[in-house]
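Examining the three-dimensional arrangement
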Amino acid sequence: ARSSEWNWNSYQTLDQINTWLNSLESKYVGTVTRIIGGQSYEKRNIYGVRVSFKPGNRAVFLEGGIHAREWISPATVTYILNELLTSTNPKIRSVAESRDWYIFPIFNPDGYEYTFKKDRMWRKTRKPNLACFGADLNRNWNYHWMEGGSSYNPCSDTFAGRSAFSEIEAKSLSQFITSISSQLDAYISFHSYSQLLLIPFGHQGLEKPPNNDELHRIGRVAVAKLFERYGTNYTVGNIPDVIYVASGGSMDWVAGLHKVKMAYTFELRDEGRYGFVLPPDQIVPTGQETLDALIVMIEELNALQ
Ligand code: PAY
Ligand code: ZN
């Protein structure tokens, strides 16, 4: 495939993804609305879409690309978005049309661009802080900010920023999310790698969501479904139990402040063989199995009300 064409056989650049998102509005008139959810330090817009098949639906938010080097995240999010729009599978159609969808493939456009141009392994944003650049955009949100697993050192990969919401990406996106928060029943973020399905909360102190048991149950159903397609194994658990303490993440802020009833973070493929540099021939299988899991999650969510 030529690198300029839109596909899921190769990783797409920021411009390609934004151009594709923009094209959906005219292709699916009345269903897709392009949204600017925030701004970046380098003055880029943070683009997403709202997908709505009928009036009155409550919403699900899909977040991708908060960490620049985790390329499988935006690729999976765009794969899922495309399936929600085009799949003829009755289960997928009925889940797609049961919800409004806010879908943002790249929360960190400056970092994503930097991984294509300069440093494939870049994780953070790009605002200068003393001798170094960028903050960890998944440590800068204002819920138990700086309560474990974050760094005060601007040169660290987990630098939390100088204060909660010191980074314009987190600040502006948080304002957008707040503006739609009364519609939200689910917030699902996509990272890589480790093959985990993470449940809030990540900060120190053992806080659990009020429906922790339900989230574990649904999580186990989802990863069992994911396993069925290609035998990919996932572990489900609260963040500190299955990976490490980490505070100031976007999912925790949404779950903790806005009390959205379903919040999960996927740590996508793989378990470390390729790590962040997952070969592009794994984009489609990762997309398929992750969509399988998402569909049963939303079916379970719909059964709750
Ligand atoms: O909220 O997702 C969370 C916390 C856990 C992730 C984080 O550190 O933000 C886990 C890491 C990630 O996806 O960024 C895992 C990867 C492998 C890493 O860079 O350590
Ligand atoms: Zn990440």
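Anything mentioned here points back to the structure above.
Residues numbered from 1 in each chain as written. Chains lettered and ligands numbered in written order. Predicted model: local features only at pLDDT ≥ 70, side-chain atom pairs only at ≥ 80, totals over all residues. Heavy atoms only, no water.

A closer look at the overall build of the chain
What the chain contains, in helices and strands, is 9 helices and 10 strands. On C-alpha atoms alone, the chain measures out to a radius of gyration of 18 Å, which is about the 19 Å that the 2.2 N^0.38 rule sets for 305 residues. If you line up the chain on its principal axes, its C-alpha atoms span 55 × 45 × 40 Å. For the chain, buried positions account for 61% of its 305 residues. (Helix = DSSP H or I, 4+ residues; strand = E, 2+ residues; numbered from the N terminus. Rg over C-alpha atoms; globule rule 2.2 N^0.38 Å. Buried < 20%, exposed > 50% of the residue type's maximum accessible area, 1.4 Å probe, protein only.)

Quick word on the site of ligand 1
As a matter of local geometry, ligand 1 sits amid 17 residues, with His-67, Arg-123, Arg-139, Tyr-244 and Glu-267 nearest to it. Between ligand 1 and the protein, one listed contact pairs an oxygen atom with a side-chain N or O atom of His-67 at 2.9 Å. Contacts to ligand 1 include Arg-123, whose side-chain N or O atom sits 2.6 Å from an oxygen atom. Its free accessible area being 460 Å², ligand 1 has 90% of it covered by the protein chains. Taken together, the residues of the shell around ligand 1 sort by class into 7 nonpolar, 5 polar and 5 charged. (Near = heavy atom within 4 Å. Polar contact = N/O pair within 3.5 Å; in protein donor to acceptor, adjacent residues only side chain to side chain. Areas by Shrake-Rupley, 256 points an atom, 1.4 Å probe, with all protein chains shown as cover. Nonpolar A, V, L, I, M, F, W, Y, C, P; charged D, E, K, R; others polar.)

Describing the state of the cysteines
Taken as a whole, this structure holds 1 disulfide when the rule is applied. The disulfide that involves Cys-132 links it to Cys-155, with 2.1 Å between the sulfurs. Here Cys-132 and Cys-155 share a disulfide; its torsion about the S-S bond, 90°, makes the bridge right-handed. Taken as a pair, Cys-132 in strand E6 (residues 132-133) and Cys-155 in the loop between E6 and helix H5 (168-180) lie far apart in primary sequence, 23 residues in all. (Disulfide = S-S within 2.5 Å.)

Some words on the coordination of the zinc ion (ligand 2)
Surrounding the zinc ion (ligand 2) are the protein donor atoms His-67 (ND1), Glu-70 (OE), Glu-70 (OE) and His-191 (ND1), at 2.0 to 2.3 Å. In this structure, the zinc ion (ligand 2) is coordinated by 6 donor atoms arranged in irregular fashion, with angles at the metal of 56 to 151°. Sequence spacing among the residues donating to the zinc ion (ligand 2) works out to H-x2-E-x120-H. Taken together, the residues Glu-70 in the loop between strand E3 (59-64) and helix H2 (72-86) and His-191 in strand E7 (residues 184-192) connect sequence positions 121 residues apart. Assigned by exposure class, Glu-70 and His-191 land together as buried. (Donors = N, O, S within 2.8 Å, 3.2 Å for Na, K, Ca; no water. Tetrahedral: all angles 85-135°; square planar, octahedral: opposite > 155°, others 65-115°.)

Observations regarding the packing of helix H1 (residues 14-27) against H2
The N-to-C vectors of H1 and H2 enclose an angle of 15°; their axes lie 12 Å apart at closest approach. Taken together, the axis directions place H1 and H2 in an arrangement best described as roughly parallel. The interaxial crossing formed by H1 with H2 has left-handed handedness. Contact residues: Ile-17, Trp-20, Leu-21 and Leu-24 in H1; Pro-74, Thr-78, Leu-81, Asn-82 and Leu-85 in H2. (Axes fitted to C-alpha atoms, helices over the stretch in contact; angles between N-to-C directions. Parallel < 35°, antiparallel > 145°, perpendicular 65-115°, else oblique. Left-handed = near helix turned anticlockwise from the far one by under 90°. Contact = heavy atoms within 4.5 Å.)

With respect to the pairing of strand E10 (residues 262-268)
The two faces of the sheet receive side chains in turn, since in a regular strand these alternate between them. Burial analysis of E10 places 7 of its 7 residues in the buried class, which makes it a mostly covered element. Going residue by residue along E10, you find Met-262, Tyr-264, Phe-266 and Leu-268 tucked away on one face and Ala-263, Thr-265 and Glu-267 tucked away on the opposite face as well. Where E7 meets E10, 7 bridges bridge the pair, whose relative direction is parallel. The partner of Tyr-187 across the bridge, within E10, is Ala-263. Where strand E8 (residues 196-199) lies against E10, 3 bridges are found, and the strand directions are antiparallel. (Pairing = 2+ DSSP bridges.)

Quick notes on the side chain of Ser-73
Inspection of the secondary structure assignment puts Ser-73 in helix H2. A polar side-chain atom of Ser-73 sits 2.6 Å from the main-chain carbonyl oxygen of Phe-190.

Description of unusual backbone geometry
Residue Ser-192 is joined to Tyr-193 through a cis peptide bond whose omega torsion reads 0°. Inspection of the secondary structure assignment puts Tyr-193 in the loop between E7 and E8. With an omega of -5°, the peptide bond between Arg-269 and Asp-270 qualifies as cis. With respect to the helices and strands, Asp-270 occurs in the loop between E10 and helix H9 (283-304). We note that Leu-130 has phi near 55°; this positive angle belongs to a residue other than glycine. Its place among the elements puts Leu-130 in the loop between strand E5 (128-129) and E6. A positive phi is found at His-144, a non-glycine position, where the angle reads about 50°.

So, to be careful, I would describe these as geometric facts and stop short of saying anything about function.
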